[in-house]
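Survey of secondary and tertiary structure
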Amino acid sequence: SISDNGNTYSCYITNCSGNSNVTSNAATLTVTNNTPSQVIINNIIKNNTRFTNPKQLWSGYTNQIADVIKICADASNATEITFVNNTGINSNNLRFLISSDTSGSNSDKSGYFIRDANNLSIVGNTIKAKYTHPKYLEAQYKPSRPDSIIIVDVNNINVRLFSIPIQIYRAPVVMVHGFTGGGNGEAFIQTKYDLYERGNYTASLLHIADYHTNSLKSFQVNSDVVPKKIDWVFKWLRAANYSSGKVDLIGFSMGGILSRMHLQSSNYGSRDDVHKLITINTPHTGAQPANLIKNNDVARSFFQKFFYDYLVLDDIGNNNEDFIEYSLGAVNDLSVNSEKLRLLNTSPNINRNTVPTHVISTKLNYLRDESFLTSFILFSMAPLYSMTKEVFKNYVFGGKDNDGVVTVESQKGDLPHQYYSIYDNQFHIGANNNDDVVNQLVLALDKNSSDSSFFTQNGFLPIDQVSPFRLIPL
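First, a word on what this report is: a plain description of the structure on this page. (Residues numbered from 1 in each chain as written. Predicted model: local features only at pLDDT ≥ 70, side-chain atom pairs only at ≥ 80, totals over all residues. Heavy atoms only, no water.)

Digging into unusual backbone geometry
Stated formally: Strands here are runs of E lasting at least two residues and helices are runs of H or I lasting at least four, both read from the DSSP assignment and numbered beginning at the N terminus.
Here the residue pair K142 and P143 is connected by a cis peptide bond, since its omega of -5° sits within 30 degrees of zero. Positionally, P143 belongs in the loop between β11 (126-132) and β12 (144-153). Between S347 and P348 the backbone carries a cis peptide bond, its omega angle lying at 10°. Take P348: it is sitting in the loop between α10 (339-344) and β19 (357-363). In the Ramachandran plot, D414 falls in the positive-phi region, its phi being about 60° despite a non-glycine side chain. Within the secondary structure layout, D414 lies in the loop between α13 (408-412) and β20 (420-424).

Structural notes on the sheet that holds strand β8 (residues 94-98)
By definition, the strands of a sheet pair up through backbone hydrogen bonds, in either a parallel or an antiparallel sense. For the record, the criterion: DSSP calls a pair of strands paired once it identifies at least 2 bridges connecting them.
What the 5 strands build is an open sheet, ordered β8-β12-β13-β6-β16; its pairing is mixed. In the strand order of this sheet, the two ends are held by β8 and β16 (242-243), each with one partner. Relative to strand β13 (residues 156-170), strand β6 (residues 69-73) runs parallel, the two sharing 5 bridges. Following the sheet pairing, I69 is matched in β13 by I166.

Brief notes about the sheet that holds strand β14 (residues 173-176)
Note the following rule: Helix axes are fitted to C-alpha atoms over the stretch in contact, other axes to C-alpha atoms as well, and angles between N-to-C directions run from 0 to 180 degrees.
Reading across from one edge, β15-β14-β17-β18-β19-β20 is the order of the 6 strands in this open sheet, with parallel pairing throughout. The open sheet has two free edges, formed respectively by β15 (206-209) and β20, since each of these has just one partner strand. Each neighbouring strand pair of the sheet contributes to a mean axis angle of 20°, computed without reference to strand direction. As paired strands, strand β17 (residues 247-252) and strand β18 (residues 274-280) are joined by 6 bridges and run parallel to one another. By the bridge assignment for β18, I250 is matched with I278.

With respect to the nonpolar core
Stated precisely, the cut-off is as follows: For our purposes a nonpolar core is just a set of buried Ala, Val, Leu, Ile, Met, Phe, Trp, Tyr and Cys residues, chained together by side-chain atoms within 4.5 Å. For every residue, the accessible area obtained with a 1.4 Å probe (protein chains only) is divided by the maximum for its type, and the residue is called buried under 20%, exposed over 50%, and partly exposed between those limits. In what follows, a contact means two residues having at least one pair of non-hydrogen atoms within 4.5 Å.
Core analysis: the largest hydrophobic core is formed by 62 residues, its most contacted members being L249, I250 and L445. Residues in contact with L445, not counting those within four places in the same chain, are V173, L195, Y201, D248, I250, K276 and I278. Counting 25 residues, the second largest nonpolar core, distinct from the first, contains V39, I41, A66 and A129.

Some remarks on the pairing of β14
Burial along β14 is two-sided: V173 and M175 and V174 and V176, pointing in opposite directions, are all buried. Here β14 pairs with β15 via 4 bridges, running parallel. Note on β15: the bridge partner recorded for M175 is I208.

Some thoughts on the environment of S100
What counts is decided by this rule: In protein, a polar contact means a hydrogen-donor-capable atom and an acceptor-capable atom, both N or O and within 3.5 Å, with residues adjacent in sequence counting only if both atoms are side-chain atoms; elsewhere, any N or O pair within 3.5 Å suffices.
With respect to the secondary-structure elements, S100 resides in the loop between β8 and α1 (107-110). In this structure the C-alpha to C-alpha distance between S100 and P146, which are 46 residues apart in sequence, comes to 9.4 Å. Residues in contact with S100, not counting those within four places in the same chain, are S110, R145 and D147. Within the local environment of S100, its side chain forms a polar contact with the side chain of D147, the two groups lying 2.4 Å apart.

Focus: the packing of aromatic side chains
Our working definition: Aromatic pairing here means that ring centres of Phe, Tyr or Trp (its six-membered ring) are within 6.5 Å. Orientation follows from the plane angle: under 30 degrees is stacked, over 60 is edge-to-face, and everything else is tilted. Sitting over a ring, as applied to charges here, requires NZ of Lys or CZ of Arg to be within 6 Å of the ring centre and within 35 degrees of the ring normal.
Here the structure, examined in full by the defined rule, presents 8 aromatic pairs. Between F113 and Y131, the ring centres sit 5.2 Å apart and the planes meet at 25°, which makes this aromatic pair stacked. Of this pair, F113 sits in strand β9 (residues 112-113) while Y131 is found in strand β11, placing the two residues 18 residues apart along the sequence. Y131 carries the same exposure label as F113, and that label is buried. Here a set of aromatic residues connected by ring pairs shows up, and it is made of F83, F96, F113 and Y131. Over the aromatic face of Y201 sits the side chain of R170, whose NZ or CZ is 6.0 Å from the ring centroid. Positioned over the ring face of W232 is K229, at 4.0 Å from the centre of the ring.

This is the structure:
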């Protein structure tokens, strides 16, 4: 063996015996190039005009130690590795594997590489491979777990040609509030804090889509709230050197409708940027109080006097000239079987695109608990105060179980029982901060998105609601 200018010349005798066709002094000279191979790791956001260029997460050579790459368990294939092969090994024999799962038997947890035309390209000595991220991070890891991507020769996978350390985090979360949002997106501030305090997430992975200044306006006005926030999150995560291509969406009340509108939009199929959808107290087929407000002059006068003067003026900062616009905006769209909900819940829009989905809902059991009295104060419908539970339930909700604003039937979206969770004695407002709801939310976020016993993979099956439109008895 002779070394010269970084090259090694190795001489060895082959076929010394046992082969009469080759002389005993036959020799082969092999040359191995010691030039290190180059490694480039990029984040790729596919089919999104906001992210036409890759984001480089690390670039170096096999004689260096790679930086730790932060991977989000979002089931996307947003991480691409480029390997300029100077190993002397045929590029077709190189493999990219996950250290904790070299056999690929647990790819939901580890992620994987596939050797096909969509995930691998070999041009000359340059190999490009896409890494499909894990689908979940096990609950015991807070906020992440270590692993590595290894590059090996398929004929000897025990010898690592290069190792790329990775840290696997949960998918980023986007929380979408509902009607008014409490101002400045406050409806989800406590939920965000709870998720962070449990240690499951870094602050970079938790985000609120705050659209409170427009939240009383129509669905159409707010139709871009979700995709714009997702784009903002991707930009934020890239700056923090995370690799992510999808988010977990949590939609509370009307926020769940806006989340579904994004999923069912005509351009979602190319973006493919939602990993899971979890709705909380969402009126998938509308909310009867919106019909009451819209169709009853007496109720409207109570509603206008308190709600618009208090929330619209003080919280949102508009004036009563906007009353007609708001009345025909979100209130109109949220009413039972409104035109906007009908379009959302019928072909060709319904379930045009689906993701793993779980529904969380609440209902009221008692009329005179504190949270329910708050609903009377909120809507300023003093004549309702003296009603019994059953009279109120029949008057507003046609006898259906409800959370004071939305029937349980509407919240469920008619999903089979294993795909929704229901909790008693919780009024609509504040449901996303109920301890039981937050615990279930954490469970849903930690679950494998392929778990067909918890997530429906087929979307919603909303059924029509009814609304009585009766006058308030004075």
